[in-house]
Amino acid sequence: RYYMPDDEDKATVQKLQAKYPTAMPYFFTQDPDYVTVKELAAKFTATGEEAEGLATIAIAVETMRVAEYLTPTLMEQLK
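In short, a report on the structure. These figures come from a predicted structure and were not determined experimentally.

**Overview of the overall build of the protein chain**
Looking only at helices and strands, the protein chain has four helices and zero strands in total. Ordered by position from N to C terminus, the α and β elements of the protein chain give α-α-α-α. The C-alpha atoms of the protein chain give 17 Å as radius of gyration, which overshoots the globular expectation for 79 residues (12 Å, by more than 25%). Referenced to the eigenvectors of the C-alpha coordinate spread, the extents of the protein chain come out at roughly 45 × 40 × 25 Å.

Structural data, given as structure tokens:
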């Protein structure tokens, strides 16, 4: 999910840019989401508890199948 940064997000982005000046700026607006994903994945690794809300490998594979199916149609429409 993505949303336009609010004032709090903008402040966070400025802080992260100062801390990590060589990082790509688009990472900063999604930093809270990355933290959540990493925490859920680490918890699953440590405890085996399902990481609710994270895509599984099976979901990723199905997503790639859909993308591969749609690519020729979308490429044709772009001509």
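Picking up where we left off.
**Looking at a nonpolar patch on the surface**
Together, Met24, Tyr26, Phe27 and Tyr34 give the surface a local cluster of nonpolar side chains, amounting to about 390 Å² of exposed area. Mapped onto the elements, Phe27 comes out in helix α2 (residues 26-29).

**Looking at the packing of aromatic side chains**
This structure, assessed with the given rule, holds two aromatic pairs. With a centroid separation of 4.6 Å and an interplanar angle of 40 degrees, the aromatic rings of Tyr26 and Phe27 are classed as tilted. For the pair Phe27 and Tyr34, a centre-to-centre distance of 5.9 Å together with 55 degrees between the ring planes defines the contact as tilted. Since its relative accessible area comes to 31%, Tyr34 is described here as partly exposed.

Each value, and the rule that gives it
Residues numbered from 1 in each chain as written. Predicted model: local features only at pLDDT ≥ 70, side-chain atom pairs only at ≥ 80, totals over all residues. Heavy atoms only, no water. Helix = DSSP H or I, 4+ residues; strand = E, 2+ residues; numbered from the N terminus. Rg over C-alpha atoms; globule rule 2.2 N^0.38 Å. Patch = residues over 30% accessible without salt bridge, like charges linked within 9 Å, V, L, I, M, F, W, Y side chains within 5 Å. Areas by Shrake-Rupley, 256 points an atom, 1.4 Å probe, with all protein chains shown as cover. Salt bridge = Lys/Arg side-chain N within 4 Å of Asp/Glu carboxyl O. Phe/Tyr/Trp six-rings, centres within 6.5 Å; stacked < 30°, edge-to-face > 60°. Buried < 20%, exposed > 50% of the residue type's maximum accessible area, 1.4 Å probe, protein only.

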